[in-house]
Structures are given as C-alpha cells and as structure tokens.
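Overview (structure and organization)
Spelled out from the first residue to the last, the chains are:
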Amino acid sequence: MRLAITALIAVFVAGPAVAEFKRVTDRDNFVSLVQDRNLTRLGIRLNVTDNGQIKGRAFGRNVSGQWNWNSGFFCRDLYVNGEILDGANCQKVEVRGNTVRFTSDKGTGDSADLRLR
C-alpha cells in the first residue's frame, strides 16, 4: 500500500511532460485548426470562419469582427455590441493540443489561451 501511495505522489509531483506550443505560420494551417470549431474561454465563445469573419459572445455580449492572414500573423478587428474593442491587431498564433494561444502586437504583447471545442 505504501508503495502505491508513493507512486501516486510521484506522478502528481513529476506530472506529464508538457508539450511546447508550436507556431502557426500560414493561413491554411490556421483555418484547418479552427474550421467548424469554437474558440472558448471562461465567458467567451467565438467562431472564426474561413471567409474572414469572427462571430460569438463574450460575457453576455455579441462579438463580431473580421480577420485576415498577413505575413504569418492573424490580423483582426473586433467589435463588442457593435463598438470597436481595441482596434486592429496582428497576433502571433501558437497551438498545443486543443489550446490556441494568441499573442497581441505580433507576439510582443499580452497572450490569451483559448480552447478548441
């Protein structure tokens, strides 16, 4: 019994090896990740379409926008209830499993991790 408990503790302490995020550098790869899926995070559910649209909800408000792929970056405009959120921004995109990380200002700003569902 003691050996089993020790093994269980070792699993929790060591944990599984964490895979690193991989950069998404082209539009087709990005579209294949998000097509027919939602990007979610607590209070947020977004759909990014292959024709450059963003639709969804965030904390009870409607979200809409447009996006394009430019020189390896996801560039978007977002609107919440019809008002521009923070202007156009090109973001670095990375993926690990079902998690997509968007990092603003071409990878030098804040990051947000969203789950693919």
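Below you will find a few notes about this structure. Please read all numbers here as calculations on a predicted model, not as lab measurements.

What follows concerns the overall build of the chain. Scanning the chain from N- to C-terminus turns up three helices and ten strands. Each helix and strand of the chain, ordered N terminal to C terminal, gives the series α-β-α-β-β-β-β-β-β-β-β-α-β. Of all 117 residues assigned to the chain, the portion counted as buried reaches 32%. The long-range share in the chain, meaning contacts at least 24 apart out of those at least 6 apart in sequence, stands at 30%. Within the structure as shown, the chain displays about 7,700 Å² of accessible surface, and the carbon and sulfur contribution to it stands at 52%.

For Q91, the position within the fold is in strand β8 (residues 89-96). When residues no more than four places from it in sequence are discounted, the contact partners of Q91 are F73, F74, R76, F102, T103, S104 and K106.

A few words now on the packing of aromatic side chains. In total, this model carries six aromatic pairs according to the counting rule given. Judged by centre distance (5.1 Å) and plane angle (45 degrees), the rings of F30 and F74 are tilted. Of this pair, F30 sits in helix α2 (residues 27-34) while F74 sits in strand β6 (residues 73-80); the two residues are 44 residues apart in sequence, bridging distant segments of the chain. The residues F30 and F74 share a single accessibility class, namely buried. Aromatic ring contacts, followed pair by pair, group F30, W67, W69, F74 and F102 into a single cluster. When the ring centre of F73 is taken as origin, the NZ or CZ atom of R23, which lies over that ring, is 4.8 Å away. Residue placement shows R101 over the ring face of F21; its charged tip is 3.9 Å from the ring centre.

Conventions and cut-offs
- The residue numbers shown here count from 1 along each chain, following its written sequence.
- The predicted origin of the model limits local features to residues at a pLDDT of at least 70 and limits the giving and counting of side-chain atom pairs to 80 or more, whereas totals for whole chains, interfaces and linings rest on all residues.
- Only hydrogens and water are set aside when side-chain values are computed; all heavy atoms of the structure are taken into account.
- Secondary structure elements follow DSSP: runs of H or I no shorter than four residues count as helices, runs of E no shorter than two count as strands, and numbering proceeds from the N terminus.
- In this scheme, a residue with accessible area under 20% of its type's maximum is buried, one over 50% is exposed, and one in between is partly exposed, where area comes from a 1.4 Å probe on protein chains only.
- By definition in these notes, contact holds between two residues if any of their heavy atoms fall within 4.5 Å.
- Under the convention used here, a 1.4 Å probe and the Shrake-Rupley method define accessible areas, while residue burial counts only the protein chains that appear.
- By convention, a stacked pair of Phe, Tyr or Trp rings (six-membered ring in the case of Trp) has centres within 6.5 Å and planes under 30 degrees apart, an edge-to-face pair has planes over 60 apart, and any other such pair is tilted.
- Think of it as a cone above the ring: NZ of Lys or CZ of Arg counts as a charge over the ring if it is within 6 Å of the ring centre and within 35 degrees of the ring normal.

That is the geometry; function is a separate question.
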